[in-house]
Every structure is written in C-alpha cells, then in structure tokens.
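Each chain, written out:
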Amino acid sequence: EAGVTQFPSHSVIEKGQTVTLRCDPISGHDNLYWYRRVMGKEIKFLLHFVKESKQDESGMPNNRFLAERTGGTYSTLKVQPAELEDSGVYFCASSPTWGPDNEQFFGPGTRLTVL
Amino acid sequence: DQQVKQNSPSLSVQEGRISILNCDYTNSMFDYFLWYKKYPAEGPTFLISISSIKDKNEDGRFTVFLNKSAKHLSLHIVPSQPGDSAVYFCVESGATNKLIFGTGTLLAVQP
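Draft legend 1. Broad picture of the environment of B:Ile20. Residues and elements named next belong to chain B. Looking at where Ile20 falls in the secondary structure, it is placed in strand S3 (residues 19–25). As a C-alpha pair, Ile20 and Leu75 span 55 residues in sequence and 5.6 Å in three-dimensional space. Apart from residues lying up to four places away in sequence, Ile20 is in contact with Leu11, Ser74, Leu75 and His76.

What follows is the structure in structure tokens.
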C-alpha cells in the first residue's frame, strides 16, 4: 500500500511569488490534514479535511494560504503571495477515520524556502 | 504559549541501556497522548499512545507512562538500539482530531 506522497519535495521561491504544494493521501482515507514546521519550532496544525469539506481550518495563519481538496482525493495548499516567514517544512497526513486515538499517517513533507 | 513541552532537545544513550524521554503538558482536556518518531527527510510516524484514563501502556520495547497529577508523560525505550536514533515528538490529541506537537527530543543511541 502506497503511503502519503507530497510534491514537490523541495521548493525555492522568491518573496511575493506563488507556490502550490500537493498531497496525495493513502487511498481510501477520508481525513486529510496539513501541518507545518517553521524556523525549527514545533510542528503545527493548519487544517483538516473530511473528504472534500474543511472540517477545521483554525490553524491557517492568514488569507495568503488556500487549501483545497476537490473530489475528496488529493489536496493542494497554495501560498500567495509567499513571505519569508512561510519558509519551513509542510507535512500532509491522512487517516481512515475520525477520532483522537486515530493514527495519522504522514508524508515526507515539502521543504519550502522563500528568499 | 507552548502546550506540550519537551525540555530536553537531545539525549544520548548507549546501546542496550534505557532511554527515557520526558514531556510536560498544560492542558488537561485532551483525550490521548501519543509519541511520534521522525527520521531525517521523512514524516513523523506513530509509535505508541496512551489514553488519559490510563497511567501506562506498553508495546514491546516501548512503554509510555502518564502522571496526570503532575501533567507529565514519559516514554521508556528498553533496550535502546541504534535504529531508535531519531527525533521523538510528544503529541496531544483531542476531540478536534488535530495533533498538538511538542518541540521534539533528538535521541542518539551509541553502538
């Protein structure tokens, strides 16, 4: 069974540009999450999809970030325009069901560098 | 304000000895505590969890202890192996399904 995949693995852009990150969850997983780790700090939750619906987007830092999951399969996270403080590693995770004891399976992350 | 605190950024132990990773939390409302392990260039992977109604959970070489009165969690690995060298994250999970991560502890197991 394929794990969570993310594309690209690395992205280097200039301040003010747009970047789109993609996540393909494990097949059949209705729940998809985005997290990020910036500046060596802790990994922080961004948002949670259940199928194509945003269940919780309380962690989205501002309106420069837009997440979508059309059709309830893969998801994209767009940053427009990118700022220096957006640099970090963006992780995607998925899980088959909902619940606090439900294991979330993480992808390898996309390392974003904003110059 | 950091809800999950891992005060030791790194820990070094000898192969075969016990590794003890510690974690303190501030919010008592969470249902589960989890430990995730992360190797370089990979995403975190689930290791072990404990319900807030329990004080111990064991899975092979890994045991997690929960002291609710002290708001303290610890992960014991015994015996430690070189392949255990990784960053370990203490994580809270609640009804909202989002995970709250600590800053992580880098464990190095020396052969």
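There's more to say after this.
Draft legend 2. Region of the structure containing the interface of chain A and chain B. Contacts between the two partners involve 20 residues from chain A, matched on the other side by 22 residues from chain B. Taking both partners together, chain A and chain B bury about 1800 Å²; carbon and sulfur atoms supply 56% of that area. If you sort the residues of chain A by the area they bury against chain B, A:Glu42, A:Ile43 and A:Pro100 come out on top, with a joint share of 31%. Joining chain A to chain B, the criterion identifies seven residue pairs in polar contact (both at pLDDT 80 or more). Going through the elements one at a time, strand S4 (31–37) and strand S5 (43–50) of chain A are the ones with two or more residues in the side of chain A that touches chain B. Among the elements that take part in the side of chain A that touches chain B, S4(A) stands out by supplying four residues, more than any other. Within the side of chain A that touches chain B, the residues separate by chemical class into nine nonpolar, six polar and five charged.

Draft legend 3. Representation of the sheet that holds strand S6 (residues 56–59) of chain B in the model. All names here are of chain B. Spatially, S1-S3-S8-S7-S6 is the arrangement adopted by the five strands of the open sheet, whose pairing is antiparallel. Each edge of the open sheet carries a strand with a single partner, namely strand S1 (4–5) and S6. The pairing of strand S7 (residues 62–67) with strand S8 (residues 72–77) spans six bridges and is classified as antiparallel. Within the sheet, the bridge partner assigned to Val64 lies in S8 and is Leu75.

Draft legend 4. Quick look at unusual backbone geometry. Cis geometry is found at the peptide bond from A:Phe7 to A:Pro8, where omega equals -5°. Within the fold, A:Pro8 resides in the loop between strand S1 (5–7) and strand S2 (10–13). That bond from A:Gln80 to A:Pro81 is cis: its omega, -10°, falls within 30 degrees of zero. Relative to the helices and strands, A:Pro81 is located in the loop between strand S8 (75–79) and strand S9 (88–95). Positive phi is not limited to glycine here, since B:Ala41 has a value of about 65°. Along the chain, B:Ala41 turns up in the loop between strand S4 (32–38) and strand S5 (45–51). One non-glycine residue, B:Lys71, adopts positive backbone phi at about 55°.

Thresholds applied
Residues numbered from 1 in each chain as written. Chains lettered and ligands numbered in written order. Predicted model: local features only at pLDDT ≥ 70, side-chain atom pairs only at ≥ 80, totals over all residues. Heavy atoms only, no water. Helix = DSSP H or I, 4+ residues; strand = E, 2+ residues; numbered from the N terminus. Contact = heavy atoms within 4.5 Å. Buried area = accessible area lost by both parts, 1.4 Å probe. Polar contact = N/O pair within 3.5 Å; in protein donor to acceptor, adjacent residues only side chain to side chain. Nonpolar A, V, L, I, M, F, W, Y, C, P; charged D, E, K, R; others polar. Pairing = 2+ DSSP bridges.

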